[in-house]
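A look at the structure
The lines below spell out each chain.
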Amino acid sequence: MTGLNTTIVAPSSALGESERLQQGIALLRSWGHTIRAAPDPARQWGYYAGRDAERLADFNGEAELWACARGGWGAARLLEQGWQPSKGWLLGFSDVTSLLWAQQAAGFSGAIHGPLVTTLASEPEWSQSRLRDLLAGEALAPLQGQGWQGGVAEGPLLVGNLTVATHLLGTKHCPELAGRVLLLEDIGEAPYRIDRLLTHWRLSGALQQLAGLGFGRFEGCEAPDDETRPGFSLEQVLRERSLDLGIPVVGDLPFGHGQPNAALPLGRTVRLDGRSGSLSVL
């Protein structure tokens, strides 16, 4: 495998302690990648990893791989500051959805929804190997979830955090949705808020444009046990808001917050099988 000239960027929240960052950098180096620059973990402005201009400046120059250090909040502010996608891979997830989708909307390839530098070392070995293979141009094994709605969909892949992606709808940074296979994940959102977000997608007509829909991990999104308050489970909400769309739907795919967070290449043609629950990169 040819090593990639790599720049670590911090477009979102403050990094704090550097141990996990250094572990991720060490793993990338062990794969043969050259780390050309990395942000100072102590750089901070409020809850951000530096002022907007500092975080934007992380993207100066050229790199074959732009690896995001962590998520949180702040990447969308860089779009407001004029962030432009560069050539090369862009790796991250969660809050980094803003940049991944803006890259797609601008017509650039190379967006990877996958582990952050601070989460990479804690990924299972197969997930680490999957990212390494993707960066090396190797074929990827199918992912297995649960088939919720039958049929087979093929189309360009789009992956992101539900909350972040919802706030891109109606902006120039949202990619074309028609004919896409969309995969969504989230963290820390109660079922009623997931319901509200997906209802917005339905009211805007966005979900109705898709070829297929898949759900990954929704960590910490289950409602607390409270017999005095009626409600729905997370899975009930996801099913009720998607199964009447007339497209293949797959749940429980192994990506998102927590481990494993399987790397997924945006823009690549995929096949989503709503009966078997498999997702294949073609």
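Computed from a prediction, not measured in an experiment: that's the story for all the values here.

Some details on the sheet that holds strand β6 (residues 143-144)
Read across the open sheet, the eight strands follow the order β6-β14-β13-β8-β9-β10-β11-β7; overall the sheet is mixed. The sheet terminates laterally at β6 and β7 (146-149), the two strands that pair on one side only. Bridge analysis of β7 against strand β11 (residues 249-251) gives three bridges, and the strand direction is antiparallel. Among the inter-strand pairings, Gln149 is bridged to a residue of β11, identified as Val249.

Focus on the packing of aromatic side chains
In the structure shown here, the tally under the stated rule is seven aromatic pairs. When the ring of Phe59 is compared with that of Trp83, the centres are 5.7 Å apart and the planes differ by 80°; the resulting orientation is edge-to-face. With Phe59 in the loop between α2 (52-57) and β3 (65-68) and Trp83 in the loop between α3 (75-80) and β4 (89-92), this residue pair connects regions lying 24 residues apart in the sequence. Both residues of the pair, Phe59 and Trp83, count as buried. When the centroid spacing of 6.5 Å and the interplanar angle of 90° are considered together, the rings of Trp101 and Trp201 count as edge-to-face. One end of the pair, Trp101, is in helix α4 (residues 97-105); the other, Trp201, is in helix α8 (residues 191-204), with 100 residues separating them in the sequence. For Trp201, a relative accessible area of 0% corresponds to the buried category.

Some words on unusual backbone geometry
Here the amide bond leading from Gln259 into Pro260 is cis, since omega sits at 0°, within 30 degrees of zero. Within the element layout of this structure, Pro260 appears in the loop between β11 and β12 (264-265). One non-glycine residue, Ser94, lies in positive phi territory at about 65°. Residue position: Ser94 is located in the loop between β4 and α4. Positive phi values are uncommon outside glycine, yet Asp252 reaches one of about 60°.

As for the nonpolar core
Residues Ile8, Trp101, Leu182, Leu183, Trp201 and Leu213 are the most contacted members of the largest nonpolar core, which totals 84 residues. Discounting residues that sit within four places of it in the chain, Trp101 has contacts with Leu158, Val159, Gly160, Ala165, Leu168, His173, Cys174, Pro175, Leu182, Trp201 and Leu266.

What to know about helix α6 (residues 125-135)
Within the span of α6, buried status applies to Ser127, Gln128, Arg130, Leu131, Leu134 and Leu135. One side of α6 carries all its buried residues, which in axial view fall inside an arc of 155°. Looking at the residues trailing α6, positive phi occurs at Gly137, about 80°.

Points about the sheet that holds β12
Spatially, the six strands line up as an open sheet ordered β2-β1-β3-β4-β5-β12, and their pairing is mixed. Single-partner strands in this sheet number two, and they are β2 (34-37) and β12. The pairing of strand β5 (residues 111-113) with β12 spans two bridges and is classified as antiparallel. Within β12, the residue paired with His113 across the bridge is Leu264.

What counts and what doesn't
Residues numbered from 1 in each chain as written. Predicted model: local features only at pLDDT ≥ 70, side-chain atom pairs only at ≥ 80, totals over all residues. Heavy atoms only, no water. Pairing = 2+ DSSP bridges. Helix = DSSP H or I, 4+ residues; strand = E, 2+ residues; numbered from the N terminus. Phe/Tyr/Trp six-rings, centres within 6.5 Å; stacked < 30°, edge-to-face > 60°. Buried < 20%, exposed > 50% of the residue type's maximum accessible area, 1.4 Å probe, protein only. Core = buried A, V, L, I, M, F, W, Y, C linked by side-chain atoms within 4.5 Å. Contact = heavy atoms within 4.5 Å. Arc of directions from axis to C-beta.

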